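Residue-level structural notes
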Amino acid sequence: MKLQSTQQVSTLQSAAERLRTAATSGTAVAPVRDLIGRDDIEAAYAVQSIGVAHRRALGARIIGRKIGLTSPAVQQQLGVDRPDFGVLFHDMQVPQTPPAERPLLLQPKVEAELAFVLAADLDHDRLDADTVRGAVAYAVAALEIVDSRIAGWDISFADTVADNASSGWFTLGERHLMLSEFEPREITMRMSIGQDLVSEGTGAACLGDPLNALAWLARTARELGNPLREGDIVLSGALGPMAPLIPGEQVRAELSLGTAILSSVEFTWEIA
């Protein structure tokens with residue numbers, strides 16, 4: 001969809017307004033693909049940008065990005081076949097943000113991944129797994145609480161992109177990992193909810209290597225004129241299937257190399 005006519009701009013605004021209504025009311029809405037199509041990448045990111053601009057106008061601060069749909073297991077769950085990305089706002093990070101100030105959750109799921117925190121801008125010409133490695137300050141285990149404003153998670157690729165890559169909340173583990181300590185593609189992940197193991201995976205499940213995912217995002221963000229910057233948090237993508245988030249149940253994810261646990265992260269969704 002070319003963003004030229006008044007009618008086309010109005011259509012994008014209508015899609016963004018539908019998603020915003022769900023986010024503020026707590027009631028999921030119909031997919032937006034009836035307005036922008038199932039696979040129109042340009043239109044989907046345009047709707048996302050409208051939503052991001054609205055949140056920034058209300059005072060939300062961007063602190064990083066999230067990469068979605070990097071794991072074949074998650075792609076299969078959602079019926080899509082390519083990665084996407086969204087924006088991380090400061091109020092998505094828990095437990096740093098008080099519960100009353102966090103975005104509403106409608107139908108949350110949780111997935112475990114590796115997060116990178118950047119020590120340098122990624123705005124140069126060569127951006128591959130080798131070059132982005134040098135821009136990483138450290139890595140850390142992460143839990144992403146993904147969510148959809150679209151009823152029943154009935155999403156196409158365009159729906160999830162428009163909905164800020166189905167973002168919700170996220171939390172990071174405490175132990176920082178230097179990339180000199182491990183290869184991201186070699187890690188294993190185990191995620192449990194309560195006493196039940198609900199997801200397993202490996203670093204190789206994330207586009208072959210979480211550094212590949214970071215490089216993909218760096219190139220894409222640069223091409224769109226908004227490159228990754230020093231200090232950004234980047235959630236590199238799920239290492240295994242996501243699972244429904246259960247109120248009151250502790251979620252724990254461990255990232256390991258062989259039998260050694262490298263980093264872990266825990267979260268419990270408490271509902272007042």
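In this text, all values refer to a predicted model and were calculated from it rather than measured experimentally.

1. A look at the environment of Ala142
When you line up the elements, Ala142 lands in strand β4 (residues 136-146). The exposure class of Ala142 is buried, given its relative accessible area of 1%. For the pair Ala142 and Asp121, spaced 21 residues apart in sequence, the C-alpha separation works out to 22 Å. Leaving out residues up to four positions away in the same chain, Ala142 has contacts with Glu111, Ala112, Glu113, Ala115, Thr171, Leu172, Leu235 and Val265.

2. So, the side chain of Arg149
Tracing the sequence through the fold places Arg149 in the loop between β4 and α6 (157-162). When residues no more than four places from it in sequence are discounted, the contact partners of Arg149 are Leu19, Ala22, Ala23, Ala28, Val29, Leu106, Asp163, Ser166 and Ser167.

3. What about the layout of surface pockets?
Rolling a probe over the atoms, with the probe sized like a water molecule, indicates the empty space that remains. Counted as a void, the largest pocket has a volume near 630 Å³. In terms of lining, the largest pocket is formed by 30 residues, of which the most central are Arg20, Ala23, Gly51, Arg55 and Pro103. Mapped onto the lining of the largest pocket, the elements with two or more residues apiece are α1 (6-25) and α3 (41-57). Each residue belonging to the lining of the largest pocket can be placed in one class, and the counts come to 15 nonpolar, nine polar and six charged. Space inside the second largest pocket adds up to approximately 290 Å³. Contributing elements (two or more residues each) for the lining of the second largest pocket: α3, β1 (62-68) and β2 (84-89). With seven residues, α3 is the single largest residue contributor to the lining of the second largest pocket. Considered class by class, the residues forming the lining of the second largest pocket number nine nonpolar, three polar and two charged.

4. With respect to the sheet that holds strand β11 (residues 260-268)
Sheet architecture is open: four strands sit in the order β7-β6-β10-β11, paired in antiparallel fashion. If you trace the sheet from one side to the other, it starts and ends with β7 (196-202) and β11, each paired once. Strand after strand, the sheet turns through a mean of 15° between neighbouring axes, direction not considered. Of the strand pairs in this sheet, strand β6 (residues 188-193) and strand β10 (residues 250-257) are connected by six bridges, and their pairing is antiparallel. What sits directly across from Ile193, in β10, is Val251.

Criteria and cut-off values
Residues numbered from 1 in each chain as written. Predicted model: local features only at pLDDT ≥ 70, side-chain atom pairs only at ≥ 80, totals over all residues. Heavy atoms only, no water. Helix = DSSP H or I, 4+ residues; strand = E, 2+ residues; numbered from the N terminus. Buried < 20%, exposed > 50% of the residue type's maximum accessible area, 1.4 Å probe, protein only. Contact = heavy atoms within 4.5 Å. 1 Å grid on protein atoms, 1.4 Å probe; cavity = no way out; pocket = protein on both sides within 12 Å on 5 of 7 lines; lining within 4 Å. Points joined across faces, edges and corners; volume = space filled by probe spheres on them. Nonpolar A, V, L, I, M, F, W, Y, C, P; charged D, E, K, R; others polar. Pairing = 2+ DSSP bridges. Axes fitted to C-alpha atoms, helices over the stretch in contact; angles between N-to-C directions.

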